[in-house]
Amino acid sequence: LRARFDTLPSLPKLHSAIQSLCNEITELDSAYEGTTILNFLLGCGPHIQFAYSWPGSREGSSVWNGLHYLVREPPFHSAHLSDIDYSINFATRTTEDDRIAIIATAPLTDDEDWVEIKRGELLMFDDGLPHLAPEECYEAELKDHGLESDVMAVTPTLEIDVRRYKLRKDFYQGAAI
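Below: a short report on this structure.

Cut-offs applied
- Residues numbered from 1 in each chain as written.
- Predicted model: local features only at pLDDT ≥ 70, side-chain atom pairs only at ≥ 80, totals over all residues.
- Heavy atoms only, no water.
- Pairing = 2+ DSSP bridges.
- Helix = DSSP H or I, 4+ residues; strand = E, 2+ residues; numbered from the N terminus.
- Expected span 1.5 Å × (residues − 1).
- Buried < 20%, exposed > 50% of the residue type's maximum accessible area, 1.4 Å probe, protein only.
- Contact = heavy atoms within 4.5 Å.
- Core = buried A, V, L, I, M, F, W, Y, C linked by side-chain atoms within 4.5 Å.

**Some details on the pairing of strand β1 (residues 38-44)**
No. 1: In this structure, β1 lies alongside strand β2 (residues 48-54), joined through 7 bridges in antiparallel fashion. Among the inter-strand pairings, Cys-44 is bridged to a residue of β2, identified as Ile-48.
No. 2: Counting the residues that bridge the hairpin from β1 to β2 gives 3 residues, and of these Gly-45 lies at a positive phi of roughly 85°.

Here it is as structure tokens:
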């Protein structure tokens, strides 16, 4: 990524760049008889996390190497762990302002609706919510959850990016853009 940017990109630009790099890697999958497995989590500051999944299973293995996620938000309830007989009541450990995303290689609980990240899908999580497309990443930028650095300058092109992704004016009105 450092080779692609002289300044810090906006989150939509970063999302596009990461997706492009992942596509470059996975385009070679057929050359390796479809055995490529590429899953990662990439943290970008205190609010932003990217998750990518190119799942698969190695020959002779019964393990599926994908990624799953779950968003926990109010109203909270109990959850039962899938590998041992233990339940946790999150209502007693959280507040009405809490929301988190849990990302794992397999569902950790057996009584919640986990979502498997699709093959080749890149998600950006902000404040526990998943965003699939680059244009969905602007909300995080407008909440001041974009990238920060003491080393690289910030790109002053958020307005240009807004035009590039053809966002509705009502989406970013009042955001000083």
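**Quick notes on helix α1 (residues 11-26)**
No. 1: The terminal C-alpha atoms of α1, which comprises 16 residues, lie 22 Å apart, in line with the 22 Å expected from a rise of 1.5 Å per residue.
No. 2: Taken together, the buried positions of α1 are occupied by Leu-11, Pro-12, Leu-14, His-15, Ala-17, Ile-18, Gln-19, Cys-22 and Thr-26.
No. 3: In this structure, the buried side of α1 is in contact with β1, β2, β8 (121-126), β9 (129-131) and α2 (138-142).

**Brief notes about the nonpolar core**
No. 1: Within the largest apolar cluster, 19 residues are counted, with the highest numbers of intra-cluster contacts made by Leu-11, Leu-14, Ile-48, Phe-50 and Met-124.
No. 2: For this core, the secondary structure elements donating two or more residues are α1, β1, β2 and β8.
No. 3: Considering every element that reaches this core, the biggest residue donor is α1, with 5 residues.
No. 4: Setting aside chain neighbours within four positions, we find Met-124 in contact with Leu-11, His-15, Ile-48, Gln-49, Phe-50, Leu-129, Pro-130, His-131, Cys-137 and Ala-140.
No. 5: Counting 7 residues, the second-largest nonpolar core is a separate cluster that includes Leu-67, Ile-103, Leu-123 and Phe-125.

Remember that the coordinates give geometry; whether it matters functionally is a separate question.
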